[in-house]
Amino acid sequence: MAEQKRLCIALAGNPNTGKSTVFNALTGLKQHTGNWSGKTVGNAVGEFSLGEWGVELYDLPGIYSLFSDCAEECAAKDFICYKNPDIVIVILDATSLERNLPLGLQIMELTDNVIFCLNLTDEAKKKGISVDKNLLEKLTGVPIVEMAARQGIGLTELKELLLDVAEGQRQIRPKGLDWDAFAPETEEGYQTAEFKTNRSLAFLERSKEICAEVVRKKEERDSYTERIDKIILSPKTGIPIMLLLLGGVFWITVAGANVPSDFLMQWFSQCGEVMRRGLVSLEAPLWLESLLMDGVWLTVSWVVAVMLPPMAIFFPLFTLLEDFGLLPRIAFNLDGLFQKAGAHGKQALTMCMGFGCNAAGVTACRIIESPRERLIAILTNNFVPCNGRFPTLILLASFFFAAGNPLAAGGFIFLLIALAVAVTLGVSFLLSRTLLKGVPSAFVLELPPYRRPKIGDVIVRSMLDRTIFVLGRAVTVAMPAGAIIWICQNVEVGGFTLLYGLTTILEPLGSLMGLSGVILAAFLLGIPANEIVLPILLMVYSQSGMLVEAEGISQAGAILQANGWTFVTATCAILFSLNHFPCTTTLLTIRKETGSWLWTGASFLLPTLVGISLCILVNLLAHMGGWIF
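**Student:** Explain the packing of aromatic side chains to me, please; I cannot follow it from the model alone.
**Tutor:** When we look at a pair of aromatic rings, we describe it by the centre distance and by the angle of the planes. Following the criterion strictly, the structure yields 11 aromatic pairs and no others. Aromatic side chains Phe67 and Phe203 sit 5.6 Å apart centroid to centroid with 45° between the ring planes, which places their arrangement in the tilted category. Linking Phe67 in the loop between β4 (53–59) and α2 (71–83) with Phe203 in helix α7 (residues 193–214), this pair joins segments that are 136 residues apart in sequence. Judged by its relative accessible area of 25%, Phe67 is partly exposed. With a relative accessible area of 1%, Phe203 lands in the buried category. When the ring of Phe496 is compared with that of Tyr500, the centres are 4.8 Å apart and the planes differ by 15°; the resulting orientation is stacked. Taken together, the ring pairs in this structure connect Trp267, Phe268 and Trp297 into an aromatic cluster.

As structure tokens, this is what we get:
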């Protein structure tokens, strides 16, 4: 059988043009994600068949131009110039062609094998916008396919055109710019700011000229998107609606995760019994059996059972908001606050992602172009609580502050979230005025039209790209951590366990913070995953050699109270839970994103020092005022 011929195709376009929809429609699930070589910019590569050809389709980062120095645009330009794809497909938004076309014109200068996909023609029609396809082809010299990718319209025509170009049946002769009009006289002139400005203006002017001839608009009227934006983007109603939406997402996440978490714990328990019987039948030593089952297996069980359900709920909900078009509007509403704090408006998006998982929030900081502001976003992302910290916060809020009232507990958690956002803004302000001085950069935040999310794509993308990715890292870290926790609790030196020695060392600092050595040790040993901090505490208090799960909030609260916990202890524990070092998964992610152990160390120390300072302050004020119980 003859070997299949290979074809390399790149997919380029502005953000929010439907590029990923076209990519998914062509490749299905035959795709994988990674990073461009030497960069932290994510990529996606898929495969599909085209006649006798086997196609590798590369989804380039969503960009607006090839001329800036941000990581995404450099990655796209380098791929087109040095990878030499056989064909470059440029996705254009038919509803805003003048803004999209400059990128297509720039790519035409780099390669002849360019195809324009005029996408979102269905939305353009609803807005009374029409594009003369034949005239656009004549003016650019590039073949054009009209598409509505979400409905699958135009995909067949696109594949037929790709096949014609691949087999040489369609010749493409792009009509580029007249460079003589602004080309400098010397080689050095190409590096001047004047030439770069003139070059950018030339592409914008050419796009404007073309669109003036090919685009026709009916009399404008308030669209569906504009009517909603009058409410969502209003200073009076925008932020309250945003808070209600985010509060609803958090409530659904917390409330909906309980049942599946209990089911997973029971399932892991049953599997553990089977595995334990297997070890007994193999006559494994008791210490090895306990190490594997009470240490490694139990820790992994806790991490998966507590992390998976919230992430499986939060990330799809978050992706739904993203696909519907609400997340950019949340960033728009919060942009003013972050600008005043000396940070980037897009940090609002990465902060929201951190509520699901701080590691995912750190990864999301790639969307911030400025290295300085990206670093601020990375260093402060851990100040918002991830889903791993919510179980501890909910238990302490319910037992010590809400007397078991779910509504009161929910209100208290909402206040804690507001506090976390305030601390994030405050620390961002301090960083932008000290270690990371600079002027906040302006940025273009495109507000896409509201679109009905495709539920299937949302579930697949959120589960594969986010949930499974983050969970895989957490499990990798939890396995050795479980062994370390077991060793600390079961290995004795001089008649005392290693855990007892650790708590003794930490006791002076813990007392100063209104906590104890045991509580600080639980946070320290819980660095693999915040989910296991509470089980470690219950393990120590119950004098057990393994992680312990309490039956309900009342029993867990009673155990804490019986071991000396007061109102002040709970307050300081909540503050330290909100403000302490990131988990190992997040630290490894920070190291990968920054490429620096120095900044990774800073991300460890910064929230820890803030948490220690707040706890000491609250404890001193409590004792000065006699506020102990």
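Next, the rest of the story.
**Student:** In this structure, what is going on with the nonpolar core? I would like to understand it.
**Tutor:** One broad trend across soluble globular proteins is that nonpolar side chains are buried collectively. Ranked by size, the top nonpolar core spans 101 residues in total, and within it Leu396, Leu515, Trp565 and Phe576 carry the most contacts. In contact with Trp565, other than residues within four places in its own chain, are Leu396, Phe400, Ile519, Leu537, Tyr541, Leu560, Ala570 and Ala573. Of all hydrophobic cores here, the second largest spans 38 residues; its members include Ala10, Ile63, Leu136 and Val215.

**Student:** What's the story with the packing of helix α18 (residues 498–512) against helix α19 (residues 517–525) in this structure? I'm lost.
**Tutor:** Two packed helices can be described by the angle between their axes and the distance between those axes. Packing of α18 against α19 brings their axes to within 7 Å, and their N-to-C directions diverge by 115°. Considering their axes alone, α18 and α19 lie roughly perpendicular with respect to each other. Crossing handedness for the pair α18 and α19: right-handed. Contact with α18, carried on its side by Leu499, Leu502, Thr503, Leu506, Glu507, Leu509 and Gly510, involves Gly517, Val518, Leu520, Ala521, Leu524 and Leu525 of α19 and no other residues of that element. Across the contact of α18 with α19, the residue classes break down as 9 nonpolar, 3 polar and 1 charged.

**Student:** Quick question: what am I supposed to make of the environment of Pro371 here?
**Tutor:** Tracing the backbone through its elements, the reader meets Pro371 in helix α14 (residues 371–380). On the accessibility criterion, Pro371 (59% relative accessible area) is exposed. Counting along the chain gives 223 residues from Pro371 to Thr594, while the straight-line C-alpha distance between them is 9.5 Å.

Calculation rules
Residue numbers here run from 1 along each chain, matching the order of that chain's written sequence. Two thresholds apply to this predicted model, a pLDDT of at least 70 for residue-level local features and 80 or more for giving and counting side-chain atom pairs, whereas whole-chain, interface and lining totals are computed over all residues. For side-chain calculations, the full set of non-hydrogen atoms in the structure is used, while hydrogens and water are omitted. Aromatic contacts are taken between Phe, Tyr and Trp rings whose centres are within 6.5 Å, Trp giving its six-membered ring; a plane angle under 30 degrees counts as stacked, one over 60 as edge-to-face, and the others as tilted. For the purposes of this entry, the term helix denotes a DSSP run of H or I that reaches at least four residues, the term strand denotes a run of E that reaches at least two, and both are numbered from the N terminus. Residue burial is assigned from relative accessible area. The probe radius is 1.4 Å, only protein chains are included, and a residue is buried under 20% of its type maximum, exposed over 50%, and partly exposed in between. The nonpolar core is taken to be a set of buried Ala, Val, Leu, Ile, Met, Phe, Trp, Tyr and Cys residues, with the residues joined through side-chain atoms within 4.5 Å. Whether two residues are in contact is decided by their heavy atoms, any of which lying within 4.5 Å being enough. To define axes, lines are fitted to C-alpha atoms, for helices over the stretch in contact only, and angles between the resulting N-to-C directions are given on a 0 to 180 degree scale. We call two directions roughly parallel when the angle between them is under 35 degrees, roughly antiparallel when it is over 145, roughly perpendicular when it lies between 65 and 115, and oblique otherwise. Throughout, a crossing is termed right-handed when the near helix is turned clockwise from the far one, and left-handed when it is turned anticlockwise from it by less than a right angle. Side-chain classes follow a simple rule in which Ala, Val, Leu, Ile, Met, Phe, Trp, Tyr, Cys and Pro form the nonpolar group, Asp, Glu, Lys and Arg form the charged group, and the remainder, Gly included, forms the polar group.

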